[in-house]
There are 2 protein chains.
Amino acid sequence: MPGRGRIDKRTAILDAAVKVFSQEGYAQTNVDAIASLAGVAKPTVYNHFHDKETLFRTVMRDSADRSAAKIIAAFATLPDDGADLAGELERVGHLMVECQLSEEGWALQRLLYAEVARLPDLYDELVTRAGTPTLNVLAGRLAGLANRGHLEIDDPLVAAGQFMALVAGNLPALSALGTRPVGPDVLAAAVRDGVNTFLRAFAAPARRRSPRRS
Amino acid sequence: MPGRGRIDKRTAILDAAVKVFSQEGYAQTNVDAIASLAGVAKPTVYNHFHDKETLFRTVMRDSADRSAAKIIAAFATLPDDGADLAGELERVGHLMVECQLSEEGWALQRLLYAEVARLPDLYDELVTRAGTPTLNVLAGRLAGLANRGHLEIDDPLVAAGQFMALVAGNLPALSALGTRPVGPDVLAAAVRDGVNTFLRAFAAPARRRSPRRS
DNA sequence: ACTATTTTTAACTCATGCGTTCAGATTAGC
DNA sequence: GCTAATCTGAACGCATGAGTTAAAAATAGT
């Protein structure tokens, strides 16, 4: 019985909840499993969170916040000067993709798909908290690169969305919606392909580059 | 009580099942609702399908087959000559996107995301039946266009995946994972943006084209 | 050490819902 | 019209699981 204290029970419950919800889905999860995994009695769960849905919403909010913070931190490392643009985009793409490939990233996505029809307001909240700021940060970086003449971009928001689609678009298929591991070589190839196509479309024409592989 | 015959009971059950599963999700669906919507007694459901999971798998298979047939038919209309390539790609992209935007297309996707962790073999089956052939047909078309000098493509499979990612990648965000309608103008802009970027990356350099808008 | 709050244990209520049973009605095929 | 299959209706058993309750036990703050 670690943490016989008071306050860390809440975080223990949340940690257990994210695991069980991820593996079982919302409806298939029973609260007893969360309580026992957290090393906590069931009424304690209901003391901290009024009901199962409140617990679920809290888990999703926290998970989305963590994911967004990680991706935004990755995007923030994109330098404004165009030095080794392909390499930098690959590096950032890798960070982004690994965040989505993480246990928690996929769980968030699957749970969102599963419950969006029943909890549309939760979806809106997560988009506002995580999706929109993430896209905006990347768009800002790309706009900076375009202003310095390293990229040729009309609409930075569109380009940002397309960068994410190109780099991460094949992940669902590659990992069977996150249920199967992806080899690092396969992953690297997917990221490289996405970055190459992105640069073929948006690289400034002055410095015509010939990508290493398709 | 239409269709008091024997065999159409099965299709009535399947039609009702796809609707209820789509709206409620697997776990939240109760078989009585399917039976009553199909105008059929509950034991009849269990006469045709051994249990709820078998019914679900059948629904998913049928739905995937229908979707794949529609998309493949759309891809098949892509001409091999490069006449109005941008227009043709937009037209085909529109067909593809509308198929995914349909009630049934989104339902299939959401249900797959929701249940893939519990039914991994079903996922594999659907990929084999629908995902792989769809991608292969598009790749074949793109390879044909490349062979005739209208596109510059190293790996047609990669290019096909990237075309789909570029054209359809923003749909989840635009439609809130299929739970909200998308205006036809917004949809047209998304498809046009995707096709433009695809052509900026893959159009043969001989005929340099300047896309109408970003 | 004393008090108030929280946690635990274990049992309980109550609703949902899968899958089954069976007698009786309906239909297809001959 | 007769027979064999299927469909209906309504009820049932049974398991699962959310959320609650109660008193006893442990803990934090003072």
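Everything here concerns the structure above.
Residues numbered from 1 in each chain as written. Chains lettered and ligands numbered in written order. Predicted model: local features only at pLDDT ≥ 70, side-chain atom pairs only at ≥ 80, totals over all residues.

Undergrad: Tell me about the protein's contact with DNA strand C, and please be specific about residues and values.
TA: Surveying the vicinity of DNA strand C reveals 20 residues, the closest of which are Ala41 and Thr44 of chain A together with Asn30, Asp51 and Lys52 of chain B. Looking at the surface near DNA strand C, the elements that each hand over two or more residues are helix 3 (42-48) of chain A together with helix 2 (31-38) and helix 3 (42-48) of chain B. Among the elements that take part in the surface near DNA strand C, helix 3 of chain A stands out by supplying four residues, more than any other. Its residues assigned to classes, the surface near DNA strand C comprises six nonpolar, five polar and nine charged. (Near = placed C-beta within 6 Å. Helix = DSSP H or I, 4+ residues; strand = E, 2+ residues; numbered from the N terminus. Nonpolar A, V, L, I, M, F, W, Y, C, P; charged D, E, K, R; others polar.)

Undergrad: So what's going on with the environment of valine 45 of chain A? Which residues, and what values?
TA: Residue and element names in this part refer to chain A. Locating valine 45 in the fold gives a position in helix 3. Separated by 32 residues in sequence, valine 45 and isoleucine 13 place their C-alpha atoms 7.0 Å apart. Excluding anything up to four places from it in sequence, valine 45 contacts Ile13, Val31, Ile34, Ala35 and Val40. (Contact = placed C-beta atoms within 7 Å.)

Undergrad: Can you tell me about the environment of glycine 93 of chain A, naming the residues and giving the values?
TA: Residues and elements named next belong to chain A. Tracing the chain through its elements places glycine 93 in helix 5 (residues 85-101). When the C-alpha atoms of glycine 93 and leucine 37 are compared, they prove to be 35 Å apart, with 56 residues separating the residues in sequence. Once residues within four sequence positions are removed from consideration, glycine 93 is found in contact with Val167, Val191, Gly194 and Val195.

Undergrad: Tell me about the nonpolar core, and please be specific about residues and values.
TA: In terms of nonpolar packing, the biggest core is built from 68 residues, with Val167 of chain A together with Val167 of chain B touching the most fellow members. If you look at the next biggest cluster of nonpolar residues, it comprises 65 residues, including Ala16 and Trp106 of chain A together with Ala114 and Val116 of chain B. (Core = buried A, V, L, I, M, F, W, Y, C linked by C-beta atoms within 7 Å. Buried ≥ 20, exposed ≤ 12 C-beta atoms within 10 Å, placed from the backbone.)

Undergrad: With reference to specific residues and values, describe the relation of the copies chain A and chain B.
TA: At an RMSD of 0.1 Å, chain A and chain B line up after a rotation of 180° and a shift of 0.0 Å along the axis. Such a combination of rotation and displacement between the chain copies is what one expects of a two-fold axis. In this assembly the copies share their binding face: 100% of the residues contributing to the interface of chain A also contribute to that of chain B. (Least-squares fit on C-alpha atoms with pLDDT ≥ 70 in both.)

Undergrad: Before we move on, can you summarise the interface of chain A and chain B with the specific residues and values?
TA: Contacts between chain A and chain B engage 30 residues on the former and 30 residues on the latter. Of all the secondary-structure elements, those providing two or more residues to the side of chain A that touches chain B are helix 6 (103-115), helix 7 (120-147), helix 8 (156-168) and helix 10 (184-202) of chain A. The greatest single-element share of the side of chain A that touches chain B, amounting to five residues, is contributed by helix 8 of chain A. Residues of the side of chain A that touches chain B, tallied by class, amount to 14 nonpolar, 11 polar and five charged.

Undergrad: Which residues make up helix 5 (residues 85-101) of chain B, and what values do they have?
TA: Residue and element names in this part refer to chain B. With 17 residues, helix 5 extends 24 Å from end C-alpha to end C-alpha; this agrees with the ideal 24 Å at 1.5 Å per step. Among the residues of helix 5, those classed as buried are Leu85, Leu89, Val92, Gly93, Met96, Val97, Cys99 and Gln100. Here the buried residues of helix 5 occupy an arc of 155° about the axis, which is enough to place them on one side. Check the buried side of helix 5 and you find it contacts helix 4 (52-76), helix 6 (103-115), helix 8 (156-168), helix 9 (171-174) and helix 10 (184-202). (Expected span 1.5 Å × (residues − 1). Arc of directions from axis to C-beta.)

Undergrad: Kindly report on helix 10 of chain B, identifying the contributing residues and their values.
TA: Between the first and last C-alpha of helix 10 of chain B there are 27 Å, a value that for 19 residues agrees with the 27 Å anticipated at 1.5 Å per step. Of all the positions in helix 10 of chain B, only Ala190, Val191, Arg192, Asp193, Gly194, Val195, Asn196, Thr197, Phe198, Ala201 and Phe202 of chain B are classed as buried. In this fold, the buried residues of helix 10 of chain B make contact with helix 8 and helix 10 of chain A together with helix 5, helix 8 and helix 9 of chain B.

So yeah, pure geometry; function would need other evidence.
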